[in-house]
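Listed below are the residues making up each chain.
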Amino acid sequence: MTTEPEHSSQSRIREVINGLQTVSDLPTLLSLISAPLDCLGLLPPPYKHYNTVLLAKEAFNTRRHLPLLQRAVLEHVLPTWEPTLSERGLLVLVEQYFVPDAFSYAIPSAGEVAIYAYSTVLSLALTTYSIGILARLSKSYPIDRIHTSVFSGTSKGSLPGQTTLAWEDAVKSVVSVPAKVANALAGKGDLPEGLEQGAYFQNLCLRTEILVASLASNRGKESTDSLTFLLTKLVNVGAFPASPPSAPAQPSFFHSTLPTIRSRLANQTTVDASSYSAIWSDILNSFPSSFTLQSIVTSLFGHLAVPDPVLETSSKARGLVKREAELVRHILGSAIGLNPDQWEIANAIMLGREWSEGHSRIFVCWAAGAQKGRDSKALDILLLKVRDRWTSSEHIKHSLLSKHHYVTLFLLNIISNLPSNSTAIQDLALSPPFIRSIGTYIGHLDVSVRRCGMLVAEEIAHRTGRKLDFKDWDGDEGGKGWARAVRALIAESDADADVAEEEEHSVLETKIEDTLHEDALENTSKSERVFNARADLLEGCDSDDSLTGYASPSSSRSASPTRSELDELEKDPTLNVGRKKIARPVYLAQLGEMVRSTSGLKSDQENQEADKAEVALGIAEELIRRKRGYGTELEENAVNLVYGFVGLQDNFDLEQFDLRRQAALNALVACCPRKAAPAIAEEFFKNQYSTDQRYVMLNALALGARELAGLPLPPAAAVQPLTGKRVTFPSKRLPSALHERYLVASATTQVQGLLQGITRLTIDNTRDANAERTPGLIRERQLRVRQPARVAEVKLPSNAELVEQIRMAQSASASTTFTDVAVEHFIYPLVNRFWTFLRDEQTREERSAHRDQLHRYRGAGTGLILNAVVLSHFLATLGVLVHAARNAPAWLAVVAPDTLELAVTLGTRPVSLSPEEEHDSGGEGLGSKDKEAQVLTMALELALVVLDGCLELDGGRSLGLEHTALLLAVGEWAQEVFGRLEKGVLVKGGGGAAEVRLSKAAAGVVIKVDELSGRWRRAMIDVTS
């Protein structure tokens, strides 16, 4: 039962909390802030006189009252009083509620304040000041200090089970800081240096290692469980990558801590190496999830240092291998001491992932115990696992050469570490799988893979006292040099070498009190301390004259190279040997893997993504056109290539990226229209693409269709298709000289055909235009006077010309024409998917119509398909496709009326309700349902293309007699638009050349409709009655 004095104290604390929310003057604020700090023991002595509210320390419950006080300070005090407190130098009182200073660092309540500060600040909307608090907390009260506060047992009223929950909550808060700060800023402000993703987690990893070292001498279940939970969270945020990070923003635990771990294990610090090694073994044994343990072990293996070159046999290289093997033994434990689950995980990692040959040396040395008295039992068990992989038929047939080298060296290295009289080697030599695999290796088509089997067979024979020599090891071709290097390597054991001495590395033992003391001496404002990242680096600068350099005589050494000289050296191919060259793809599957990886595994070329994209874009169009009509390879890979090139982003600022990507997609559409065109149409209506990517898709459909139809591309087109030798396979029947001759002839066919067609079209148009104006008598006289054509001698073609004609006829008959695929694969995938997409978008708008204007869905937003910019380009593309497909069998009956209906619908009815249309008050415009001038122009031009095609093919009979209502509607729509334009009515987005083009399109539609209806007016059905 609460006594009267206790009840009175509780009331005073509540009054203080409520008073901070409605404070009216500065003295009252200072007294309310000082009283709780005095109860916590965090009130600095110079500010004692501000405490006029006496609170009983026994009644103050940190867990219950401190979060409420922190929230009141952030929500009510700082927004109003921060300028005043900062001006008078009293902001330190507020900072004591979140980041206690160096004088209070040793007080137990200071750690509790920091713990609750993390959770309170992150639970509220982040501001400039609160982000600065997080920056100082991460620097002054890191995770090891938080652990000390949680498990010190000084929290009042905390139960034993609550300690674990408090630690888990604290870890979750600490790990989530960078993501929440980045989301709060949303790219609109500069991140404090300490809160950037890479820097923050690097510091967190370093402090975690310090925490592990501090708990090594006093291990217990509570300490191990707390470290296990912390490392699990770091695994979840990606702090244990499988390979060293390629970007500063990518966190990596072992990349940051391995130098310190090696130093501690080498007895270079006060921490006992055996205790430090034991706590790592305890931590790895306590993970409840095998996936977490697998991630940590994989990351450890990936960050090990390997000799360069990997088969180096010098004492330094062997010492490096032994040093890394000892590191693995100290962290994971000895190989024979692992439990069955850990052993299976280690085997899966060693044999299931891509490692270098240097890693296999480390793994074998670790299994051997990393000492001269080798552990043969662990090697015997590992030999069985490696033997199963080496003798696997799947491995022999399908693995890459690098994998064959890795497994072969792994096997031979194990054998070299076993005694010659080992029963494991005898059993291996007599096992049926091993004997069968030797024959499979020798029968392999790759000579380098055959060498692997021959090398193992000889070494096993020599170890078992038998004689076997293939006598074909001289030279460097076909893996012979690699085999000699392996023989030299296994002649000695890495486990017998002396450990390589590592460069001295100072162990990180940062004293947080020093950091806090520096912050306490600063006189700058809080905002300057948070965002001036350079200030922390310049605080330790000294202006002592003793640090100033003295004049010295000129040196005889050569001058340092300039920047331009360094660039030239970097480009020198004889010096740039450490960087792997990306191989040009030979098959389309390889090209697809370069632009869109589907394996789900990380490759060893992740650091060369820019080079891969550069090589893929450079070879894409040429390779695609080569594969045209060459088996089924292009059809099998076309869809995957469409997905890859459509979604490809210019993340590396590559030269001519847009042109080369466009050329690749154009080639896909032209060379494989049955697969590529429907795939592009399907991807176009997905919401994951930008406006630029949608333009690329539409351009590919339009330009690819014209190329497929044999129509010339416009001269202004930036992307022209490749022709000639680069996209033609060598002839298998003709001699090379004759083949070169026919290649030149076929390359000029397109230009000659284009010139001939343009000349014929010009003559025909001139004749038709002047036929009505020429009197009949003159035409008759011209026909009579004109000389008849003479009989010319018909020359028989030569054998070479006959062969060329036969080849061209065969290729023409086998190739796909645009009329075969236009309706099914180009036009109707676009039209049908557009109607479905428009229905779905309008349904979404109707469902949100009852909401207020801010929260309504808009289908025509910026960058969306129904936006005027994208919609007009869609209509233009459809017009190009319809024009190119005039000769398709279904054009008059199906394509013409359906596309004409689409044009009328998009030109007369709103596709989406924009915010401007809701507030349109009428006026001189075309009405509240006005169309953008660009969309209206494209819709009219599409209708003009359809009407012109109908007139050309059947004089407009099918459209005028079977779709009379649609034809009259088009004419009425065009007349209305043209009439209003003539009256001077303004069009949204019009003016200048756009308005002139719109007027021409409307006038052209009016003339075409009048001409068509004039021909069939008497036969038209009266649709008005």
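Residues numbered from 1 in each chain as written. Predicted model: local features only at pLDDT ≥ 70, side-chain atom pairs only at ≥ 80, totals over all residues. Heavy atoms only, no water.

**Student:** Looking at this structure, I do not really get the pattern of salt bridges. What am I missing?
**Tutor:** Per the counting criterion, the structure on display carries 33 salt bridges. Its salt-bridge partner being arginine 264, residue glutamate 209 comes within 2.5 Å of it at the nearest N-O pair. Of this pair, glutamate 209 sits in helix α10 (residues 197-215) while arginine 264 sits in helix α12 (residues 253-265), and the two are 55 residues apart along the sequence. Note that arginine 886 and aspartate 948 form a salt bridge whose closest N and O atoms lie 2.7 Å from each other. Within this pair, whereas arginine 886 is found in the loop between α40 (868-884) and α41 (891-908), its partner aspartate 948 is found in helix α43 (residues 933-954), the two being separated by 62 residues in sequence. (Salt bridge = Lys/Arg side-chain N within 4 Å of Asp/Glu carboxyl O. Helix = DSSP H or I, 4+ residues; strand = E, 2+ residues; numbered from the N terminus.)

**Student:** When you look at helix α13 (residues 273-285) in this model, what are you seeing that I'm missing?
**Tutor:** Relative to the 18 Å expected for 13 residues at 1.5 Å per residue, α13 spans 19 Å between its end C-alpha atoms, a close match to the ideal helical length. All of the buried residues along α13 are Ala273, Tyr276, Ser277, Ile279, Trp280, Ser281, Ile283 and Leu284. Looking at the buried positions of α13, the neighbouring elements they touch are α10, α11 (221-236), α12, α14 (290-302), α15 (315-332) and α16 (340-352). (Expected span 1.5 Å × (residues − 1). Buried < 20%, exposed > 50% of the residue type's maximum accessible area, 1.4 Å probe, protein only. Contact = heavy atoms within 4.5 Å.)

**Student:** Please clarify how the side chain of serine 256 should be interpreted in this entry.
**Tutor:** For serine 256, the position within the fold is in helix α12. Judged by its relative accessible area of 16%, serine 256 falls in the buried class. At 3.1 Å, the side chain of serine 256 forms a polar contact with the backbone oxygen of serine 252. Setting aside residues no more than four positions away along its own chain, serine 256 makes contact with Gln202, Cys205 and Leu206. (Polar contact = N/O pair within 3.5 Å; in protein donor to acceptor, adjacent residues only side chain to side chain.)

**Student:** What exactly am I supposed to notice about the confidence of the model for the protein chain here?
**Tutor:** Interpretation of the predicted coordinates at a detailed level should be avoided for regions scoring low in pLDDT. Scored by pLDDT, the protein chain has a mean of 78; 76% of the residues are at 70 or more. Taken together, the stretch residues 737-767 has pLDDT below 50 and engages in 18 contacts with residues farther than four places along the chain or on a different chain. The model gives residues 807-813 a pLDDT under 50, and that stretch makes 2 contacts with residues more than four places away or in other chains. (pLDDT = per-residue confidence, 0-100.)

**Student:** Hey, could you run me through the environment of alanine 616 in this one?
**Tutor:** Following the sequence through the fold, alanine 616 ends up in helix α30 (residues 609-626). In this structure alanine 616 comes out as buried when scored by relative accessible area, which is 0%. Taking C-alpha positions, alanine 616 is 6.2 Å from leucine 591, a pair spaced 25 residues apart along the chain. Among residues more than four places away in sequence, those in contact with alanine 616 are Leu591, Met594 and Val595.

**Student:** Sorry, what's going on with helix α31 (residues 633-646) here?
**Tutor:** What sets the pattern is the α-helix's 3.6 residues per turn: residues three or four places apart point alike. The end-to-end C-alpha separation of α31 is 20 Å, in line with the 20 Å expected for 14 residues at 1.5 Å each. For α31, the buried fraction is high: 10 of the 14 residues fall into the buried class. Tucked inside the fold, the buried residues of α31 contact α29 (588-595), α30, α32 (657-671), α33 (673-684) and α34 (691-708).

**Student:** So what exactly am I meant to see when it comes to the packing of α40 against α41 here?
**Tutor:** What describes two packed helices is the angle between their axes and the distance between those same axes. It is at 12 Å that the axes of α40 and α41 come closest, and there the two elements cross at 160°. Comparing their axes, α41 and α40 come out roughly antiparallel. Between α40 and α41 lies a crossing of left-handed hand. From α40, Leu871, Phe874, Leu875, Leu878 and Val882 reach across to α41, where they touch Trp891, Val895, Thr899, Leu902 and Leu906. Its residues assigned to classes, the contact of α40 with α41 shows 9 nonpolar, 1 polar and no charged. (Axes fitted to C-alpha atoms, helices over the stretch in contact; angles between N-to-C directions. Parallel < 35°, antiparallel > 145°, perpendicular 65-115°, else oblique. Left-handed = near helix turned anticlockwise from the far one by under 90°. Nonpolar A, V, L, I, M, F, W, Y, C, P; charged D, E, K, R; others polar.)

**Student:** Would you mind showing me how to read the nonpolar core here?
**Tutor:** Across soluble globular proteins, you tend to see nonpolar side chains buried next to one another. Counting residues in hydrophobic clusters, the biggest one holds 163 residues, and the most contacted among them are Phe98, Trp167, Phe301, Trp366 and Phe410. Contacts of phenylalanine 98, omitting those with residues within four sequence positions, involve Gln70, Val73, Leu74, Val113, Ala114, Ala117, Val121, Ile133 and Leu137. Listed in part, the 105 residues of the second largest apolar core include Ile619, Phe645, Phe818 and Ala939. (Core = buried A, V, L, I, M, F, W, Y, C linked by side-chain atoms within 4.5 Å.)

**Student:** Explain the environment of proline 241 here, please?
**Tutor:** Along the chain, proline 241 falls in the loop between α11 and α12. As a C-alpha pair, proline 241 and histidine 255 span 14 residues in sequence and 9.5 Å in three-dimensional space. In this structure proline 241 touches Gln250, Pro251, Ser252, Ser299 and His303, once residues within four positions along its chain are discounted.

**Student:** For this particular structure, what's the right way to read unusual backbone geometry?
**Tutor:** Trans peptide bonds make up most of the peptide bonds, and negative phi angles are found at most residues other than glycine. A cis amide bond, omega 0°, links aspartate 308 with the succeeding residue proline 309. For proline 309, the position within the fold is in the loop between α14 and α15.

**Student:** Would you mind going over the state of the cysteines with me for this structure?
**Tutor:** Under the criterion given, the structure shown has 0 disulfides. With no disulfide of its own, cysteine 671 lies 8.4 Å from the sulfur of cysteine 672, the closest cysteine sulfur. Overall, cysteine 672 belongs to the buried group, its relative accessible area being 4%. (Disulfide = S-S within 2.5 Å.)

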